[in-house]
Amino acid sequence: MTRVPRNPGTFARNSLLVAALTAAGIFVFASRNSGDEVALERLPVATTLQPSDDGFAFPNFTSRATPEQFDDIDMLRVAGAEACTNGVTDPCVLTPQANAWAQMVNQARQTGHCEGMVVTAASRFDRSKSPATSSLSNDGDVTHAIFRSFATQFFPEVRDESDEWAGRTLSEKLAALSRELAAGRLTYTLGVYTDKGGHAVLPYALEFEPGDIAVVRVYDSNWPGRNRYVRINLASGTWEFSFSAADPTADPAPWTGGADMLDITSMESRSTAKSPVGDEAVDETLLLIRSAALDWVIQTDGGEISPLQAAAQRRAKPLHNNSARQIPEFLVRVKSKKFKVRLKGKTSLFIANRRSVIRVTHSVDGDLPIAVDGPVLQAGGEGTTVSVAAGDHAVSIENLESSVKVSENALQVEAGGTPAIIVDDSRPQLTVSGTPEGVQTRPGSELSGTTVTIPVDLQQAAELPDLPSAFTRDMTVEGYEVDTYEPPAEAVVTATPVGNAADSAPFVEATPTSLAATTTTTAVTTTTSTVQPRPSTTTSTLATTTTTTSSVPVTTTMTTTTSSVPTTTTSTTTTTTTTTTTTTTTTSTTTTTTTTTVPLTCATGGSCVLGDTGPGGGKVFYVAPNGSSYPWKYLEVAPANAATSIRWCNNNVTLLPGAFSRNIGTGQANTSLILAAAACTTGSAAAAADSYVSPNGTADWFLPSILELHLMYPNKALVGMPNSRNFWSSSQNSNIYAEAQSYLDGGNPSWYKTNSIDYDVRAIRYFGTP
């Protein structure tokens, strides 16, 4: 893995900056390695960051909002060749230990990606990357860049720095932020914690108010484009942060804490960290604990660790993913090579160091003791699976009390009173099970891939109860209002120097190929999937309604004009001359047609507003704003259900290729992908929508994506949707679940694909040209 050296010029520039600012009386601060108290001058500083431009347009999202996961390509970029079997990177086949580390990241991602979003946004801002972060959509390499940034919080070097800063005073932390912001750099992310949750935000400006109050302006991924802040009382040593209120000035229950519940973490510690796998030196062990019960305990030489301890004694820190969750998740660092863990209920636990990664799934209520003594693990029993991975070898032990010893080239397993079982190069992965017939073994292990299976009782909801629906907090939704940050007149505002961040940092994304409403390139595969490309000037990918003028004759007026023209005819003979004069009256008729043009309606190709009847006989529920990149103008919902009480699919185990997108404008493509899977061609929600024909004969209907269903909900009465029932979307989020929209309470349930009770189908269609 390529290591990123420190830039020797950085410290010289910082020294000059510090000298200049100190001489000007702006601030005085101590280095983070100094124990000296900090005198902080109250002068505001700001970068040029605007959350509406330099933050993501979509809000912080759960793992169920995307089909992507932290995978082998991400692991290779984060850990380098040490993650690959035999060090071969092309192609890289992950070692079981690397797979297990990736599974730990994927478990932690379930509730949110705040750490990844703010780190990625800071990195792009510091390198003046184009296009603007706000124009990126949540798919392809953009999503994987967020995953990689999120994963950096598990690096030992990052935890070292975060914990060191947690022990500093608020003045010291503000001084460090002030120094970097005055230089135009987004050097630090900021973490805030409650008893049950942790959240990461990105500081971009610092202000001061009377009464020893500092206000740290932050990009908060939960509230795209909005001006959010952490308010710090330097006199009392406390801080306050509005997590869930749309108006942070009127939050009835803000997060609050002291200096130990607020930390900062630099980009440098993330970019210079060593590989988290493959190094035999065990300098510390990291535990990731998700448990339905909070009375678990870790016993070490230095005392007990529990989430129920008082804040001053607590050494268990909530993870940086999001909010105070229904099922809290904690990170615990243990320096001792010998420790014990006692679980008190259903738990999914990872124990990771550079020598090995252990996964314990305790799926029953009751105690489970676990003992780690250097290279030896003792754990297991009925209802428990213990998996151990070290380098190229892995073993999973099901329903058996066991002991596993990690050696340099093998794993030695003792379980169920059988002779020792050796896992080595001759059988590198093995599962050992306790069955009524005795101890049995089979090839393979739980750690053969990056996908993590989390017990149902430990899974989080797709939407967090602490926050409004993600749909209502998305900048791409019409009517969403964003803020513009205006620093105080006296603030030092510094433009960002180009190229501050190291381009080879593991969390830095490639040039995004996945932009809003354009071609999407998925980094996990070697193929490119194009969904609804922007049409050329001559070709449209969807049926186009052409506006014409219809002339209907209403009145025909016959006007007769008479004109008399004298005509003389002369006839001459040789014998007699006779002159005859004849006057002839000639009548000519001119016909004039007067026409009246009847204005076009929405149904006949005219413009539409919400609630209009569209060409398909349904109601218009969305009008794309001017300048939109969608290749259509309107969304229309069918006048009646295509099906009632129907399954999403009659196959509950198949993860369908594609059909994951939640975005507006992807329902048609999702439906096509679902119908391409043999298991879902008949008796499915997609098939019902696809085969629906409206009363006027329109047949180009499809199953909407979840965000298309969200668009309909606020106008459900206007477009004739019922006030009850759930409606399937075309967005699946696992091999088991697909997403739906509740028209009773506006919720976003994910449910078993084979469930049919209370799940209906209402098809939609696109029409009109932008």
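Along every chain, residues carry numbers that run from 1 in the direction the sequence is written. Given that this is a predicted model, residues contribute local features only at a pLDDT of at least 70 and side-chain atom pairs are listed and counted only at 80 or more, while totals for whole chains, interfaces and linings are drawn from all residues. Note that water and hydrogens are dropped before the side-chain values are worked out from all heavy atoms of the structure.

1. What to know about the state of the cysteines
- Disulfides are defined as pairs of cysteine sulfur atoms found within 2.5 Å of each other. Counted according to the given criterion, the structure contains two disulfides.
- Here Cys84 pairs with Cys92 through a disulfide, and the sulfurs are 2.0 Å apart. Torsion about the S-S bond of the Cys84 and Cys92 cystine: about -105 degrees, corresponding to left-handed handedness.
- Bridging Cys602 to Cys608, the disulfide has an S-S length of 2.1 Å. Looking along the S-S bond of the Cys602-Cys608 disulfide, the torsion reads about 95 degrees, which is the right-handed sense.
- Type-normalised accessible area, obtained with a 1.4 Å probe on protein chains alone, sets the label of each residue: buried when under 20%, exposed when over 50%, and partly exposed for intermediate values. A relative accessible area of 6% places Cys602 in the buried class.
- Given the relative accessible area of 7%, Cys608 is considered buried.

2. A look at the pattern of salt bridges
- Should a side-chain nitrogen of Lys or Arg be within 4 Å of a carboxyl oxygen of Asp or Glu, the pair is scored as a salt bridge. Per the stated rule, a full pass over the model turns up 25 salt bridges.
- One salt bridge connects Arg148 with Asp141, and the closest N-O pair in it is separated by 3.7 Å. Accessibility assignment for this pair places Arg148 and Asp141 in one class, buried.
- Connected via shared salt-bridge partners are Asp160, Asp163, Glu284, Arg333 and Lys335.

3. Overview of unusual backbone geometry
- In this chain, Asp90 is followed by Pro91 through a cis amide linkage whose omega measures 0 degrees.
- Helical segments are the DSSP runs of H or I of at least four residues, strand segments are the runs of E of at least two, and each set is numbered from the N terminus. Inspection of the secondary structure puts Pro91 in the loop between β2 (84-89) and β3 (92-94).
- The peptide bond linking Ser130 to Pro131 adopts the cis configuration, its omega dihedral lying at -5 degrees.
- Located in the positive-phi region is Ser128, a residue other than glycine, with phi close to 50 degrees.
- Structurally, Ser128 is set in the loop between α5 (114-126) and α6 (140-151).
- Classification of Ser128 as partly exposed rests on a relative accessible area of 40%.
- The backbone phi angle of Ser645 is positive, close to 50 degrees, even though this residue is not glycine.
- Judged by its relative accessible area of 37%, Ser645 falls in the partly exposed class.

4. So, the confidence of the model for the chain
- The pLDDT value tells you how sure the predictor is about a given residue, anywhere from 0 up to 100. Residues at a pLDDT of 70 or more form 75% of the chain, whose mean pLDDT is 79.
- Throughout, a residue-residue contact means that at least one pair of heavy atoms, one from each residue, lies within 4.5 Å. Scored below 50 in pLDDT, residues 500-504 makes ten contacts in the model with residues more than four places away or belonging to other chains.
- Low pLDDT (under 50) marks residues 510-594, which in the prediction has 95 contacts with non-local residues, meaning those over four places away or in another chain.

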